[in-house]
Amino acid sequence: MSRVFMKGCEAIAEAAVRAGCRFFAGYPITPQNEIPEYFARRMPEVGGSFVQGESEVASVNMVYGAASAGVRSMTSSSSPGIALKSEGISYCASARIPMVYANISRGGPGVGSIQPAQMDYYQATKASGNGGFQMLVFAPASVQEAVDMTYKAFDYADRDRNPVLILADGVIGTMMEPVTLPEMKTDEEIAEIKEAKKAWACIGHPLDYANRSWIEPGHWKTADMQRANEEASRLYESWGKEAQAEEYRTEDAEVVIAAYGISARIAKSAVNQLRKEGIKAGLIRAITVHPFPSHAFEHIDYGKVKAVLDVEMSIPAQFVTDVEAAVKNRCPVETCLCSGGNIMSRDAVIESVRKILAK
Amino acid sequence: MKQIYARTKTIQEDKVSGFCPGCMHGTVMKLIGEVLDEMNLVDKAACVLGIGCCGLQMDYMAYDNTTAPHGRACAVATGMKKANPESLVFTYQGDGDFASIGLAESMSAANRGENITVIFINNGIYGMTGGQMAPTTLIGMKSSTSPQGRDAKEHGYPMHMCEILNQLTAPAYLERTSCNNPANVMKTKKAIKKAFQNQIDGKGFSMVEIVTSCPTNWGMDALKALDYIEEKMLPEFPLGVIRDQ
Ligand SMILES: Cc1ncc(C[n+]2csc(CCOP(=O)(O)OP(=O)(O)O)c2C)c(N)n1
Ligand code: SF4
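Here, residues in each chain are numbered from 1, in the same order as that chain's written sequence. Written order determines the labels here, with chains lettered from A and ligands numbered from 1. The model is predicted, so local features are restricted to residues of pLDDT at least 70 and side-chain atom pairs to those at 80 or more, both for listing and for counting; the totals for chains, interfaces and linings are taken over all residues. Hydrogens and water molecules were not included; the side-chain quantities draw on all heavy atoms of the structure.

Draft legend 1. Region of interest: a negative patch on the surface. A contiguous patch of negative charge on the surface is contributed by E183, D187, E188, E189, E192 and E195 of chain A. Within the secondary structure, D187 of chain A is located in helix α8 (residues 187-197). Patches in this entry comprise residues that are over 30% relatively accessible and not in a salt bridge; like charges within 9 Å are linked, as are nonpolar side chains (Val, Leu, Ile, Met, Phe, Trp, Tyr) within 5 Å. For every accessible area listed, the method is Shrake-Rupley and the probe measures 1.4 Å; residues are considered covered only by the protein chains on display. Each reported salt bridge corresponds to a side-chain nitrogen of Lys or Arg within 4 Å of a carboxyl oxygen of Asp or Glu. Residues scored as positive are Lys and Arg, those scored as negative are Asp and Glu, and His as well as the terminal groups of each chain are ignored. Think of each charge as sitting on NZ of Lys, CZ of Arg, CG of Asp or CD of Glu. The numbering of helices and of strands both runs from the N terminus, where a helix is a DSSP run of H or I of at least 4 residues and a strand a run of E of at least 2.

Dropping the structure here:
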């Protein structure tokens with residue numbers, strides 16, 4: 001384990017390499033360019049491949065191809081580029097191809113702004129492409145967490161044969177923090193993963209091979225398609241236990257903030273400041289945004305809580321719909337929002353909490 | 001009695017093809033199977049199918065394959081070959097797939113000189129979706145989205161993919177063949193063989209463009225379609241080796 005000072009994007013790339021990722025394809029878009037740039041330097045050192053695709057569409061499909069061949073593979077982009085990648089992601093989900101991708105998200109919609117934002121929540125958690133598939137979506141609030149999540153994401157992707165998304169905003173992607181890097185998987189370990197888990201890979205097999213590889217991102221027969229979707233649905237249901245949240249000073253809280261990613265980190269410092277002033281604020285931070293950690297909202301004492309405050313860098317608010325569903329009308333849900341590349345301010349959060357308590 | 005001809009092992013025994021009568025997708029599929037067999041490459045074959053009638057092969061072939069999103073076969077093949085250079089990676093794509101929606105992926109893979117093989121089926125029309133105009137539709141040729149016939153002023157001219165890719169430095173081999181008569185079928189087989197051999201030899205991007213018919217959407221019987229290839233398609237798409245380096 002080595003401790004280094006690293007930029008979020010580069011740390012994500014290094015974590016992926018250490019997890020055994022040996023294929024990356026991407027296309028430049030701010031604020032995630034350091035990811036492809038890092039892979040371009042690093043892949044040759046570890047015997048992997050980097051391709052700068054001609055577009056996001058092409059690069060995600062290169063990942064579809066490489067992952068179909070049984071190699072741990074990744075792509076990354078930022079919001080408008082992720083919209084283009086939705087084609088390939090949907091194909092991977094349908095064909096049950098494990099892959100990992102990161103959205104270092106920026107303002108939207110459209111080309112939006114290149115500043116950090118959390119405008120892709122619905123896209124990330126509800127409809128990352130056509131066809132109603134779902135994915136595990138991790139939302140790091142620090143560079144360290146981005147590293148740990150990326151490292152593990154490949155295991156989840158392989159386990160489920162499904163894409164996994166690291167949803168980080170431009171702040172996480174571009175800031176530098178000290179991080180502890182995970183162990184580098186050895187070539188033997190990487191080969192073992194491929195041997196043990198990927199007999200289905202499309203690499204060329206003898207005709208009498210039992211696990212004949214037909215990678216089909218769809219089915220002609222409606223019965224087959226329904227069966228495949230039922231199987232996928234059972235997989236999604238099994239993810240209930242993967243829902244993760246950080247519950248911070250919520251036991252006696254009168255206002256509970258709900259947030260994810262960088263907003264949650266800013267909200268946490270608001271909670272600390274408010275607590276110093278004797279104001280009972282707490283925080284539920286969604287670590288996975290899909291599945292949504294509803295369980296954390298069951299631990300709140302609704303006898304004490306005046307309101308849950310949704311804090312997010314999106315206007316209109318999106319995360320709030322999942323928060324409301326989890327709160328189930330047991331107390332009001334208020335919002336503290338910013339958008340268009342403005343970063344959430346701690347003071348705005350504090351002000352919102354004060355307003356709730358003054359009511 | 002000595003058996004001199006048999007169904008290629010690469011086509012599943014229990015399957016009956018669903019291609020229309022006279023469609024050459026089946027012919028080319030058989031040729032690919034025979035070549036793989038003769039070159040002893042079946043165990044390495046990793047086919048990337050395009051979307052369209054070409055994709056129907058998924059149900060009949062016996063070797064490894066995957067289906068790419070519409071137009072992306074060359075990108076999928078790029079990833080597949082880089083991830084596993086041991087496989088023989090080839091795409092099988094129609095003209096809508098390769099030359100329209102996938103033009104960027106096709107040209108870029110060719111420009112990078114990816115060590116893959118492209119089998120490009122030029123039947124001048126979108127088959128599966130019911131006969132709409134393709135980039136390869138001939139001037140004057142009727143389709144469901146050019147009901148008065150393709151008009152150059154409105155729709156542009158037929159695209160010649162071999163010649164377009166020949167502008168690039170990287171491709172190793174570009175040949176246009178047809179399957180309209182036995183001699184041309186044999187030439188197509190030879191071309192496929194060469195394109196696969198190029199990949200084994202690490203020469204880089206090879207493409208065989210095969211001029212074929214779509215009797216169903218051309219609104220002709222199978223024999224008329226053969227005449228149409230000879231009289232109309234081949235003057236526009238001349239056969240031969242365009243690049244061999
Ligand atoms: C993104 C996307 N757009 C459109 C389609 C619909 N579609 C299916 S097959 C096809 C045409 C294929 O034509 P071609 O590549 O010429 O192949 P052929 O059927 O003639 O073999 C189209 C447009 C699709 N499947 N995906
Ligand atoms: S529609 Fe055309 S291309 Fe498709 S199977 Fe029939 S003849 Fe062949």
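That covers the picture; the talk isn't over yet.
Draft legend 2. Structural detail: the pattern of salt bridges. Residues and elements named next belong to chain A. Inspection of every chain in the model, using the stated rule, returns 35 salt bridges over all chains. Ionic pairing is found between D158 and R72, a salt bridge with its closest N-O pair at 2.9 Å. Here D158 is found in helix α6 (residues 143-160), whereas its partner R72 is found in the loop between α3 (56-68) and β4 (73-77), with 86 residues between them in sequence. Residue D158 shares its accessibility class with R72, and that shared class is buried. Two residues, R330 and E298, come together in a salt bridge whose shortest N-O distance is 2.8 Å. One end of the pair, R330, is in the loop between α11 (319-327) and β15 (333-337); the other, E298, is in the loop between β13 (288-290) and β14 (307-312), with 32 residues separating them in the sequence. For R330, a relative accessible area of 33% gives the class partly exposed. When salt bridges that share partners are traced, they join E14, R18, R42 and E45 into one network. Burial classes: relative accessible area under 20% of the type maximum marks a residue as buried, over 50% as exposed, and values in between as partly exposed (1.4 Å probe, protein chains only).

Draft legend 3. Seen up close, the sheet that holds strand β11 (residues 255-260) of chain A. Residue and element names in this part refer to chain A. The sheet built from five strands is open, its strands ordered β10-β12-β11-β14-β15 with mixed pairing. The open sheet is flanked by β10 (245-248) and β15, the only strands paired with a single partner. In this sheet, neighbouring strand axes are inclined to one another by 20° on average, regardless of whether the strands run parallel or antiparallel. Paired strands, as defined in this entry, are two strands with at least two bridges between them according to DSSP. Where β11 and β14 come together, four bridges link them in parallel fashion. Counted as the bridge partner of I257 is L309 from β14. Every angle, taken between N-to-C directions, lies between 0 and 180 degrees, and every axis is a line fitted to C-alpha atoms, over only the stretch in contact when it is a helix.

In short, the description is geometric, and any link to function would need to be established separately.
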